[in-house]
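# Structural characterization, general
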Amino acid sequence: MDEKKFKRISRIAVLLTIIVTVIIYILGARLIEFIIDDVFMDHDWQNYVNELTSFYGEEAMEASSHKPSKAEREVGEELVELAETCFMENRTDDRLGELNNHPGNRRNEGYYLGLEFSTCKIDGNKGVVWVLHSEREFDKENLSRKSGHSFDSMAFMIELQNGQWVITDTKCMP
């Protein structure tokens, strides 16, 4: 085999290798995209996210993954503690707004809504506090204990009024 023929065959081999590599790369990328889209990013999941966003609103959904500052955490934890205390003691507080009428306040039936702070995001004089809640009951010694195994999310829309943070609205998926 002469040198010219060898160089031509080598160039063709290199060109074919490049073409095959590009085809494999494109097919591999499409396969990975297919796996991610159809297996991991289930369309029902996207519908669920859209449903949550339409129910809670974009502002609240953005706040749900917010890492609160120390001040935001203090505001959120104070309101959650106040709400849970009022539920436990079957009383109301002006700062709780419509939460005073929440069905979670059933102390007379031996139950109340247990609350746990999740996160808080404040912009100016308005904000959102995300809360995990579960049904709690009182045992024979009148001590609180969790009666449900799962926690659900609830959003408190808050506003600074006359120097105090007040819950102006609550949203909890039915």
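Residues numbered from 1 in each chain as written. Predicted model: local features only at pLDDT ≥ 70, side-chain atom pairs only at ≥ 80, totals over all residues. Heavy atoms only, no water.

With that out of the way, let us pick up the overall build of the protein. Regarding its fold elements, the protein presents four helices and six strands. Each helix (α) and strand (β) of the protein, taken in turn from the N terminus, gives the series α-α-α-α-β-β-β-β-β-β. Of all 174 residues assigned to the protein, the portion counted as buried reaches 28%. The contacts in the protein between residues at least 6 apart in sequence include a share of 52% that link residues at least 24 apart. Summing over all exposed atoms, the protein offers an accessible surface of approximately 12,000 Å²; the carbon and sulfur share of this is 54%. (Helix = DSSP H or I, 4+ residues; strand = E, 2+ residues; numbered from the N terminus. Buried < 20%, exposed > 50% of the residue type's maximum accessible area, 1.4 Å probe, protein only. Contact = heavy atoms within 4.5 Å. Areas by Shrake-Rupley, 256 points an atom, 1.4 Å probe, with all protein chains shown as cover.)

Take Glu72: it is sitting in helix 4 (residues 70-89). Buried within the structure, Glu72 lacks any salt-bridge partner; its nearest side chain of opposite charge belongs to Lys121, at an N-O separation of 7.2 Å. There is a polar contact of 2.9 Å between the side chain of Glu72 and the backbone nitrogen of Ile122. Setting aside anything within four residues of it in sequence, one finds Glu72 in contact with His66, Lys67, Cys120, Lys121 and Ile122. (Lys, Arg positive; Asp, Glu negative; His and termini not counted. Salt bridge = Lys/Arg side-chain N within 4 Å of Asp/Glu carboxyl O. Polar contact = N/O pair within 3.5 Å; in protein donor to acceptor, adjacent residues only side chain to side chain.)

A cluster of nonpolar side chains, Ile12, Leu15, Leu16, Ile19 and Ile23, forms an exposed patch at the surface whose accessible area comes to about 460 Å². Tracing the chain through its elements places Ile19 in helix 1 (residues 3-40). (Patch = residues over 30% accessible without salt bridge, like charges linked within 9 Å, V, L, I, M, F, W, Y side chains within 5 Å.)

The next point concerns the packing of aromatic side chains. Inspection of the entire model under this criterion finds two aromatic pairs. Ring geometry for Phe55 versus Tyr56: centroids 5.1 Å apart, planes at 90°, classification edge-to-face. Judged by its relative accessible area of 31%, Phe55 is partly exposed. Under the relative-accessibility criterion, Tyr56 is labelled buried at 5%. (Phe/Tyr/Trp six-rings, centres within 6.5 Å; stacked < 30°, edge-to-face > 60°.)

A few words now on the pattern of salt bridges. Tallied over the full model, the rule gives five salt bridges. Between Arg95 and Glu78 there is a salt bridge, with the nearest N and O atoms lying 3.2 Å from each other. Taken together, the residues span a long stretch of sequence, with Arg95 in the loop between helix 4 and strand 1 (105-106) and Glu78 in helix 4 at a distance of 17 residues. Residue classification places Arg95 among the buried residues on the basis of a relative accessible area of 18%. Among the residues examined, Glu78 registers a relative accessible area of 47% and is labelled partly exposed. One continuous salt-bridge network, built from bridges that share partners, spans Glu78, Asp93 and Arg95.

On to the pairing of strand 6 (residues 164-172), then. Bridging between strand 5 (residues 152-161) and strand 6 involves eight bridges; their strand directions are antiparallel. Bridge pairing in strand 6 places Met157 opposite Asp169. (Pairing = 2+ DSSP bridges.)

In terms of nonpolar packing, the biggest core is built from 21 residues, with Leu99, Leu115, Val129, Phe156 and Ile158 touching the most fellow members. Those elements that provide at least two residues to this core are helix 4, strand 2 (111-123), strand 3 (126-138), strand 5 and strand 6. Here this core gets seven residues from one element, more than from any other, and that element is helix 4. Excluding residues within four positions of it along the chain, Leu99 makes contact with Ala83, Phe87, Met154, Phe156, Ile167 and Thr170. (Core = buried A, V, L, I, M, F, W, Y, C linked by side-chain atoms within 4.5 Å.)

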